[in-house]
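Per-entry structural report
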Amino acid sequence: MKTTYESKLGLLQTEIAIKQTKDYFESELSKALILTRVSAPLFVQEGKGINDNLNGSERTISFDGLHLESEKLEIVQSLAKWKRIALQKYGLKVGQGLCTDMKAIRRDEELDYLHSFYVEQWDWEKVISSEQRNIHTLMSEVKMIYKVLQETENYLFELYPELEPVLPDEIQFISAQELENLFPTLTPKEREDKIAEQHGAVFIMQIGGELRSGVKHDGRSPDYDDWTLNGDLILWYPTLGCSVEISSMGIRVDRETLMHQLHCSGNQDRKELKYHQMILNNVLPYSIGGGIGQSRLCMFLLKKAHIGEVHASVWNESIIEECREANIPLL
């Protein structure tokens, strides 16, 4: 972190700007992608396969409740699977989708300037046809999301002239394998930094499976994204001199892809769970969806040095002291 850091907005001004950012972006995103806002759960039933298990190693927070007998509940880690069920529940048709304000707790997150135990994101999901399960659909949705990002950046610049726009005119696309080919000696994170610094904004595609090197660019749960039709939206962040992932998204698995990815990951036992049975029996609609980090978006657009400047959370003493020395005001 920079020891000479000075926030461009004061504390109260920041709180106002956070609300303006979120309201504008959510409204424009919903218009662009044809999304209807719906209510989101903070917790779901344990053992139904509905909660997102992220990379598969993160521990969920579970608890019991009165009048639930032996049933346990889990605080969500994201709503990747829940949303697809919601599409069916609300009877949405091809081209229509939903957006929700997801709040979660990730207890195993490693705390730093970009990561917090508390997570808030716009979770969105949209019905597509089987013919639309292709790379062109994915890229089209990414471009629309990026356009909303640009519009939000310009909107904030009109309100706060000190927040000068930095996003490039266009977002670039590259596969995880192409990125490894370009920078074979770098780690995945170093590759992201390199390509983001070169282009300013990039969408890295096809994440989850092993690359030719035998390693993965990043882990992905085998039961929501199709690993050949997904990716991460990465921005170069001059304030910190590094890349920042703003969104992870993708076209969701169909029956064949789910079976293949469960086999590759050694998770065939999940086939018996409620959510997975709904996919295997073709009950759920084909869909595309993702999560867009609210705090990271605000952090990027408001040019903050720490995610704790845009949402309230709990930090360890070393982080609190580091931020104090660097003149970073945590909420």
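Residues numbered from 1 in each chain as written. Predicted model: local features only at pLDDT ≥ 70, side-chain atom pairs only at ≥ 80, totals over all residues. Heavy atoms only, no water.

Moving on, we come to the overall build of the protein chain. Secondary structure summary: the protein chain contains nine helices and eleven strands in total. Rg of the C-alpha trace for the protein chain: 20 Å, near the compact-globule value of 20 Å for 331 residues, within the 12% margin. With respect to the principal axes defined by its C-alpha atoms, the protein chain has extents near 55 × 50 × 40 Å. Split into buried and exposed, the 331 residues of the protein chain put 51% on the buried side. Considering only contacts within the protein chain whose residues lie at least 6 apart along the sequence, 73% involve residues at least 24 apart. Here the protein chain displays about 15,200 Å² of accessible surface, and carbon together with sulfur accounts for 50% of that area. (Helix = DSSP H or I, 4+ residues; strand = E, 2+ residues; numbered from the N terminus. Rg over C-alpha atoms; globule rule 2.2 N^0.38 Å. Buried < 20%, exposed > 50% of the residue type's maximum accessible area, 1.4 Å probe, protein only. Contact = heavy atoms within 4.5 Å. Areas by Shrake-Rupley, 256 points an atom, 1.4 Å probe, with all protein chains shown as cover.)

Located in the positive-phi region is Ile34, a residue other than glycine, with phi close to 60°. In the Ramachandran plot, Lys303 falls in the positive-phi region, its phi being about 60° despite a non-glycine side chain. Of note, Lys303 is situated in the loop between α8 (294–301) and α9 (317–325).

Pairing of side chains with opposite charge becomes possible as their charged atoms draw close. Under the counting rule described, the total for this entry stands at 22 salt bridges. Close ionic contact of Glu180 with Arg191 constitutes a salt bridge, the shortest N to O distance being 3.9 Å. Remark: Arg191 occurs in helix α5 (residues 188–199) and Glu180 occurs in helix α4 (residues 176–182); sequence separation between them is eleven residues. Among the residues examined, Glu180 registers a relative accessible area of 7% and is labelled buried. A single network of salt bridges, built from pairs that share partners, joins Lys22, Glu26, Arg37, Asp101, Lys103 and Glu120. (Salt bridge = Lys/Arg side-chain N within 4 Å of Asp/Glu carboxyl O.)

Quick look at the environment of Lys31 now. Summarising the element assignment, Lys31 is placed in helix α1 (residues 11–33). In sequence terms Lys31 and Leu159 are 128 residues apart; their C-alpha atoms lie 22 Å from each other. At 3.2 Å, the side chain of Lys31 forms a polar contact with the side chain of Glu28. (Polar contact = N/O pair within 3.5 Å; in protein donor to acceptor, adjacent residues only side chain to side chain.)

A sheet is described by the order of its strands in space; here three strands give the open sequence β2-β4-β3, paired in antiparallel fashion. Lying at the two open borders of the sheet, with one neighbouring strand each, are β2 (43–45) and β3 (62–63). Bridging between β3 and strand β4 (residues 73–75) involves two bridges; their strand directions are antiparallel. Residue pairing for β4: Phe63 is matched across the bridge by Leu73. (Pairing = 2+ DSSP bridges.)

Taken together, Ile105, Phe117 and Val314 make up a surface patch of nonpolar side chains, about 240 Å² in accessible area. Checked against the element boundaries, Val314 lands in the loop between α8 and α9. When its relative accessible area of 59% is taken as the criterion, Val314 is described as exposed. (Patch = residues over 30% accessible without salt bridge, like charges linked within 9 Å, V, L, I, M, F, W, Y side chains within 5 Å.)

What follows concerns the UniProt feature "domain: Aminoacyl-transfer RNA synthetases class-II family profile" (unreviewed entry) in the protein chain. Here, UniProt's "domain: Aminoacyl-transfer RNA synthetases class-II family profile" (unreviewed entry) annotation points to residues 107–329. End C-alpha atoms of residues 107–329 are separated by 23 Å, and the span's content is 35% helix alongside 22% strand. (UniProt positions renumbered as here; feature names shortened; annotations may be inferred.)

As a further point, take the environment of Cys99. With respect to the secondary-structure elements, Cys99 resides in strand β5 (residues 97–105). Judged by relative accessible area, which is 0%, Cys99 ranks as buried. With residues up to four places along the chain from it excluded, the contact list for Cys99 reads Ser30, Leu35, Thr36, Arg37, Val38, Trp122, Asp123 and Trp124.

Here we have eight strands laid out as an open sheet, ordered β1-β5-β6-β11-β10-β9-β8-β7, and mixed in their pairing. Every other strand in the sheet has two partners, leaving β1 (35–37) and β7 (172–175) as the edge strands with one partner each. Strand-to-strand, the axes of this sheet are offset by a mean angle of 25°, without reference to chain direction. One ladder, built from nine bridges, connects β5 with strand β6 (residues 118–127); its direction is antiparallel. Bridge pairing in β6 links Asp101 to Trp122. Along the sheet face, α1 touches β1, β5, β6 and β11 (287–293) and points at about 15° away from the line of β6. Where helix α2 (residues 82–89) meets the sheet, its contacts fall on β5, β6, β10 (242–252) and β11, and the angle it forms with β6 comes to roughly 40°. (Axes fitted to C-alpha atoms, helices over the stretch in contact; angles between N-to-C directions.)

Within the secondary structure layout, Asn267 lies in the loop between α6 (255–265) and α7 (274–280). Here Ser265 takes part through its side chain, which lies 2.8 Å from a polar atom of the side chain of Asn267. In this structure, Asn267 is in contact with Pro222 and Leu262, ignoring residues within four places of it in sequence.

Another point: the packing of aromatic side chains. Aromatic ring pairs are described here by two measures, namely the spacing of the ring centres and the angle between the planes. In total, this model carries five aromatic pairs according to the counting rule given. With a centroid separation of 4.1 Å and 5° between ring planes, the pair formed by Tyr24 and Tyr155 is classed as stacked. One end of the pair, Tyr24, is in helix α1; the other, Tyr155, is in helix α3 (residues 135–159), with 131 residues separating them in the sequence. The partly exposed category is assigned to Tyr24, whose relative accessible area is 22%. Between Phe43 and Phe63, the aromatic rings sit 5.4 Å apart at their centres with planes inclined by 85°, giving edge-to-face as the arrangement. With Phe43 in strand β2 and Phe63 in strand β3, this residue pair connects regions lying 20 residues apart in the sequence. Judged by relative accessible area, which is 39%, Phe43 ranks as partly exposed. (Phe/Tyr/Trp six-rings, centres within 6.5 Å; stacked < 30°, edge-to-face > 60°.)

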